[in-house]
Amino acid sequence: MTRILHRQIHAEFPTAVGGKGIEIVDAEGRRYIDASGGAAVSCLGHGHPEVIAALHAQLDRLAFAHTSFFTSEVAERLADRLVEDAPAGLSHVYFTSGGSESIETALKMARQYFVETGQPQRRHVIARRQSYHGNTLGALATGGNEWRRAPFRPLLIETHHIDPCFAYRLQEPGESDEDYAARAAQALEDKILELGPETVAAFVAETVVGATMGAVPPVADYFKRIRAICDRHGVLLILDEVMCGMGRTGTLHACTQEGIAPDLMAIAKGLGGGYQPIGAVLLARRIFDAFAHGSGFFQHGHTYTGHPMACAAGLAVQEVIRGERLMDNVAAMGARLARRLGERFGNHPQVGDIRGRGLFLGVELVADRATKAPFDPALKLHARVKREAMARGLMVYPMGGTVDGVQGDHVLLAPPFIVDGAAVEAIVERLGDAVDAAIAGLPAKAA
Ligand code: PLP
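Residues numbered from 1 in each chain as written. Predicted model: local features only at pLDDT ≥ 70, side-chain atom pairs only at ≥ 80, totals over all residues. Heavy atoms only, no water.

Draft legend 1. Representation of the overall build of the protein chain. Scanning the protein chain from terminus to terminus reveals 14 helices and 15 strands. Here the C-alpha atoms of the protein chain give a radius of gyration of 21 Å, agreeing with the 22 Å that 2.2 N^0.38 yields for 447 residues. With the principal axes as the frame, the protein chain shows a C-alpha extent of 65 × 55 × 45 Å. Looking at the protein chain as a whole, 55% of its 447 residues are labelled buried. Counting only contacts in the protein chain whose residues sit at least 6 apart along the sequence, the fraction spanning at least 24 positions is 73%. When the accessible surface of the protein chain is totalled, it reaches about 18900 Å², and 54% of it is carbon and sulfur. Measuring between centres, the 45 positive side-chain charges of the protein chain sit 3 Å from its 51 negative side-chain charges. (Helix = DSSP H or I, 4+ residues; strand = E, 2+ residues; numbered from the N terminus. Rg over C-alpha atoms; globule rule 2.2 N^0.38 Å. Buried < 20%, exposed > 50% of the residue type's maximum accessible area, 1.4 Å probe, protein only. Contact = heavy atoms within 4.5 Å. Areas by Shrake-Rupley, 256 points an atom, 1.4 Å probe, with all protein chains shown as cover. Lys, Arg positive; Asp, Glu negative; His and termini not counted. Charge placed at Lys NZ, Arg CZ, Asp CG, Glu CD.)

Take a look at the structure:
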């Protein structure tokens, strides 16, 4: 009997009692390889001694001081560190307690920027279908994930959505990557022109799409084109790197690989690696200056912004990543995991696509490889894969609705950056068995 309103009321969750390295242990003593970092959170795995020590030390020094009275040394140090490593032009940091809060914050910053700079008519937010930006109302309205939005639609602010850059499903046969990137980016300019450029405030996108599509990177120069379109029309570019950022794709920020910098960037998850709830928004100098030379403040604030314990976790996690040169391991192990997934699933009749970057990989499941037809969503294949994986001591992050918010299934992998070759082998073996078992368990005519 539980008094928690769990995510699935009728499911029985094992009780997690410990964690070390890439594994979580439950109360029955069962061990699970955390091949998804929960939901791309636990980038250093579990029980990292340096992070634990930093948290103990911070707790002994100061657990909390409200930011309307004080700043704290640890928050200042983390902000310095984030700006030092930030994409060009991002000069300041606003701390939050997670990804949704970061997106809400970025949306409000964009709006206030235009109020401060005498363009109050700029109010429209454009984002992409098949995206996830969080579950609070503003973030939910911004996201393009139909099944999450549907029950709450009457409460959502007006937003506008264009197609994502999703080569496996939306690139035409024979269309080059360059042509597809140009066509996908043009959808943004068309939408801006339709709404009236002087009314558009921001475009929001995940640099590499996470939960809704399963680790889908952009194609060719898509983001360079997006950047140019935003600049042409005075629209702010908000990149959501809550899931794909902070090293997940092999560089600290995924946008580095696209050769662009956003005006606002939302981060969370890997920033604190799950050791504490923390997120942040990195903002461009011109946005900071507009606030500084205008009203002198950002009309926002949460009780736990800049929480010293959260900042201590973020700082310690980032120091370990840099000190242990873990980006090199993300690149090496990411390449190995991609290769091994290709060997295990490359000819699998129910695997349509294997994709991703660094240690952020997705496997899309299809009923028919030739037509890319998805499985009947009623079968909930993704949920079956999750169950079969857990039964084999493996945590992965499968999701349905890959194609259009209803149809399609994929499995997302986001193992800790400390993963080694033996763990990669175990992940691929267990996932292969789990996918085969889930498909074998489908009603006869479905598979
Ligand atoms: N943005 C992206 C890309 C995400 O993947 C998530 C969470 O999965 C969020 C925002 C929301 O973050 P949180 O769950 O910390 O509120």
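Structure's up, so let's keep going.
Draft legend 2. Here's a closer look at the packing of aromatic side chains. Applying the stated criterion across every chain, the model contains five aromatic pairs. A centroid spacing of 6.0 Å and a plane angle of 70° characterise the contact between Phe64 and Tyr304, whose relative ring orientation is edge-to-face. Separated by 240 residues along the polypeptide, Phe64 in the loop between helix H2 (49-61) and helix H3 (73-84) and Tyr304 in the loop between helix H10 (285-293) and helix H11 (308-323) bring together distant segments of the chain. The partly exposed category is assigned to Phe64, whose relative accessible area is 33%. The interplanar angle of 70° and the centroid separation of 5.1 Å between the aromatic rings of Tyr113 and Phe114 together place this pair among those described as edge-to-face. Each member of the pair, Tyr113 together with Phe114, is buried. (Phe/Tyr/Trp six-rings, centres within 6.5 Å; stacked < 30°, edge-to-face > 60°.)

Draft legend 3. Quick peek at the packing of H2 against H11. Orientation of H2 relative to H11, taken along the N-to-C sense of each, is 150°, at an axis distance of 9 Å. Judged by the inter-axis angle, H2 sits roughly antiparallel to H11. With respect to the hand of their crossing, H2 and H11 are arranged in right-handed fashion. Residues Glu50, Val51, Ala54, Leu55, Gln58 and Leu59 of H2 form the contact with H11, whose own contacting residues are Pro308, Met309, Ala312, Ala313, Ala316, Val317 and Val320. Among the residues making up the contact of H2 with H11, the classes are represented as eleven nonpolar, one polar and one charged. (Axes fitted to C-alpha atoms, helices over the stretch in contact; angles between N-to-C directions. Parallel < 35°, antiparallel > 145°, perpendicular 65-115°, else oblique. Left-handed = near helix turned anticlockwise from the far one by under 90°. Nonpolar A, V, L, I, M, F, W, Y, C, P; charged D, E, K, R; others polar.)

Draft legend 4. Local environment of the pairing of strand E9 (residues 264-267). Residue alternation in E9 divides its side chains into two sets, Leu264 and Ala266 and Met265 and Ile267, and both sets are buried. As judged from the three bridges shared by strand E8 (residues 236-240) and E9, these two strands associate in the parallel manner. Bridge pairing in E9 places Asp240 opposite Ala266. Where E9 meets strand E10 (residues 279-284), four bridges bridge the pair, whose relative direction is antiparallel. If you follow Met265 over to E10, its bridge partner there is Leu282. (Pairing = 2+ DSSP bridges.)

Draft legend 5. Representation of unusual backbone geometry within the structure. The phi torsion at Ala215 lies on the positive side, around 55°, for a residue other than glycine. With respect to the helices, strands and loops of the structure, Ala215 is situated in the loop between strand E7 (200-206) and helix H9 (222-233). The backbone of Lys269 shows a phi angle near 30°, a positive value even though the residue is not glycine. As for its position among the elements, Lys269 is in the loop between E9 and E10. A relative accessible area of 23% means that Lys269 is categorised as partly exposed.

Draft legend 6. Up close: the site of the ligand. Residues in close proximity to the ligand include Gly98, Gly99, Ser100, Tyr132, His133, Gly134, Glu206, Asp240, Val242, Met243 and Lys269, which together make up its full environment. Contact between the ligand and Gly99: an oxygen atom at 2.8 Å from a main-chain N or O atom of the residue. Asp240 places a side-chain nitrogen or oxygen 2.7 Å from a nitrogen atom of the ligand. Protein coverage of the free-state accessible area of the ligand, which is 390 Å², stands at 81%. In terms of residue class, the shell around the ligand is made up of three nonpolar, five polar and three charged. (Near = heavy atom within 4 Å. Polar contact = N/O pair within 3.5 Å; in protein donor to acceptor, adjacent residues only side chain to side chain.)

Draft legend 7. Inspection of the sheet that holds strand E14 (residues 397-400) at higher detail. Ordered by their spatial adjacency, four strands build an open sheet running E11-E12-E15-E14, and the pairing between neighbours is antiparallel. Edge positions in the sheet fall to strand E11 (351-357) and E14, since each has one partner strand and no second. Shown here is a sheet whose adjacent strand axes are inclined to one another by a mean of 20°, direction ignored. Two strands pair when backbone bridges link them, and strand E12 (residues 360-365) and strand E15 (residues 409-413) are joined in this way by five bridges, in the antiparallel orientation.

Draft legend 8. Highlighting the sheet that holds strand E2 (residues 23-26). The sheet built from four strands is open, its strands ordered E1-E2-E3-E13 with mixed pairing. Every other strand in the sheet has two partners, leaving strand E1 (16-20) and strand E13 (394-395) as the edge strands with one partner each. Inspection of the sheet shows E1 paired to E2 by four bridges, in the antiparallel sense. Bridge pairing in E2 places Ala16 opposite Asp26.

Draft legend 9. View of the packing of helix H8 (residues 177-195) against H9. Relative orientation of the contacting elements H8 and H9 amounts to 20°, with a least axis distance of 8 Å. With respect to each other, H8 and H9 are oriented roughly parallel. In the packing of H8 onto H9, the handedness of the crossing is right-handed. Where H8 approaches H9, its residues Ala181, Ala182, Ala184, Ala185, Leu188, Glu189, Ile192 and Leu193 are matched on the opposing element by Tyr222, Arg225, Ile226, Ile229, Cys230, Arg232 and His233.

That is the geometry; function is a separate question.
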